[in-house]
Amino acid sequence: MDAPRVAIATLLVFLAIAFIPSLIATSFSPDAWYEALAKPSWNPPAWLFGPVWTVLYTLIGYAGYLAWRSSIANQRYAAFSIYAIQLLLNALWTPLFFGYHSPGLALVNIVAQWVAIALNIAAFHRIKPAAGLLLVPYLLWVSFALVLNASIWILNR
């Protein structure tokens, strides 16, 4: 396979990996339990989450692709272990919050996710600064989501 095809195939693999949490999230949608929760006045409308996450998962995938293509073998283990952990934590948040109806467990998860994303930004930045920067919007959105999750947990204790 020639280099451009390898690059495109690699990018598509990273995009597919990045979107795995979204496949899990679609199995758990807001239900009557969620509708009955007290939420802060600044809770975003439901329609906003799909477009935001589509952009974020695309950035996450492209960041992974850039870091992979720019790294050497001995840099990959730590950077992509963190990448995998933050994606796993991302995938677990929706089942914890909407599936188990547990804003408290989801809050613990999202704090760990925030730390993993920050570590991922640092690891990717060392390999390719643009790859780290591509994850900054993700960290900002998860920061907002963390505060929202904490607010919902506090309002409904």
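Structure: above.
Conventions adopted
- Residues numbered from 1 in each chain as written.
- Predicted model: local features only at pLDDT ≥ 70, side-chain atom pairs only at ≥ 80, totals over all residues.
- Heavy atoms only, no water.
- Helix = DSSP H or I, 4+ residues; strand = E, 2+ residues; numbered from the N terminus.
- Buried < 20%, exposed > 50% of the residue type's maximum accessible area, 1.4 Å probe, protein only.
- Core = buried A, V, L, I, M, F, W, Y, C linked by side-chain atoms within 4.5 Å.
- Contact = heavy atoms within 4.5 Å.
- Polar contact = N/O pair within 3.5 Å; in protein donor to acceptor, adjacent residues only side chain to side chain.
- Axes fitted to C-alpha atoms, helices over the stretch in contact; angles between N-to-C directions.
- Parallel < 35°, antiparallel > 145°, perpendicular 65-115°, else oblique.
- Left-handed = near helix turned anticlockwise from the far one by under 90°.
- Expected span 1.5 Å × (residues − 1).
- Arc of directions from axis to C-beta.
- Phe/Tyr/Trp six-rings, centres within 6.5 Å; stacked < 30°, edge-to-face > 60°.

A few words on the environment of P137. By the secondary structure assignment, P137 is in helix 8 (residues 136-155). Look at P137 and you get partly exposed, because its relative accessible area is 33%. In this structure the C-alpha to C-alpha distance between P137 and Q86, which are 51 residues apart in sequence, comes to 14 Å.

Turning next to the nonpolar core. Ranked by internal contacts, the top residues of the largest apolar core, which has 42 residues, are I60, Y83, F97, F124 and Y138. Residue assignment for this core shows that the elements contributing at least two residues are helix 1 (3-18), helix 4 (49-70), helix 5 (73-99), helix 6 (103-127), helix 7 (129-134) and helix 8. Beyond its immediate stretch of four places on either side in the chain, F124 contacts A63, G64, A67, A79, F80, Y83, P129, A131, G132 and L135.

Turning next to the side chain of N149. Mapped onto the fold, N149 is located in helix 8. A polar side-chain atom of N149 sits 3.4 Å from the main-chain amide nitrogen of L107. Residue contacts for N149: discarding those within four places in its chain leaves W93, F97, P103, A106, L107 and I110.

With that settled, consider unusual backbone geometry. One non-glycine residue, H101, adopts positive backbone phi at about 55°. Following the sequence through the fold, H101 ends up in the loop between helix 5 and helix 6. Classification of H101 as partly exposed rests on a relative accessible area of 33%.

Attention now moves to the packing of helix 4 against helix 5. Running from N to C, helix 4 and helix 5 cross one another at 165°; their axes reach a closest spacing of 10 Å. Relative to helix 5, the element helix 4 is oriented roughly antiparallel. Handedness of the crossing formed by helix 4 with helix 5: left-handed. From helix 4, W53, Y57, I60, G61, G64, A67, W68 and S70 reach across to helix 5, where they touch Q75, R76, F80, Y83, Q86, L87 and N90.

Turning next to helix 1. Its 16 residues place the ends of helix 1 22 Å apart at the C-alpha level, agreeing with the 22 Å of an ideal helix rising 1.5 Å per residue. Restricting attention to buried positions, one finds in helix 1 the residues A7, T10, F14 and A18. Down the axis, helix 1 shows its buried residues gathered within 75° of arc, on one side only. In helix 1, those exposed residues whose orientation departs by more than 90 degrees from the buried face are R5, I8 and L12. Among the structural elements, helix 2 (20-25), helix 4 and helix 5 are those in contact with the buried residues of helix 1.

Mapped onto the fold, T10 is located in helix 1. It is 8.8 Å that separates the C-alpha atoms of T10 and W68, two residues lying 58 residues apart in sequence. Contact partners of T10, with chain neighbours within four places excluded, come to Y65, W68 and R69. Among the polar contacts made by the side chain of T10, one reaches the main-chain carbonyl oxygen of V6 at a distance of 2.7 Å.

This brings us to the packing of aromatic side chains. On inspection of all chains with the given rule, the structure shows 20 aromatic pairs. Considering the side-chain rings of W93 and F98, the 5.9 Å spacing of their centres and the 85° angle between planes classify their relative orientation as edge-to-face. Like F98, W93 is buried. Note on W141 and F144: the rings are 5.4 Å apart at their centroids and 45° apart in plane angle, and the pair reads as tilted. A residue pair is termed a helical-turn pair when its members lie 3 or 4 positions apart in one helix, as W141 and F144 do in helix 8 at three residues. What makes W141 buried here is its relative accessible area of 15%. Among the aromatic side chains, those forming a connected cluster through ring pairs are F14, W68, F80, Y83 and F124.

Without other data, these values stay purely geometric and don't point to any function.
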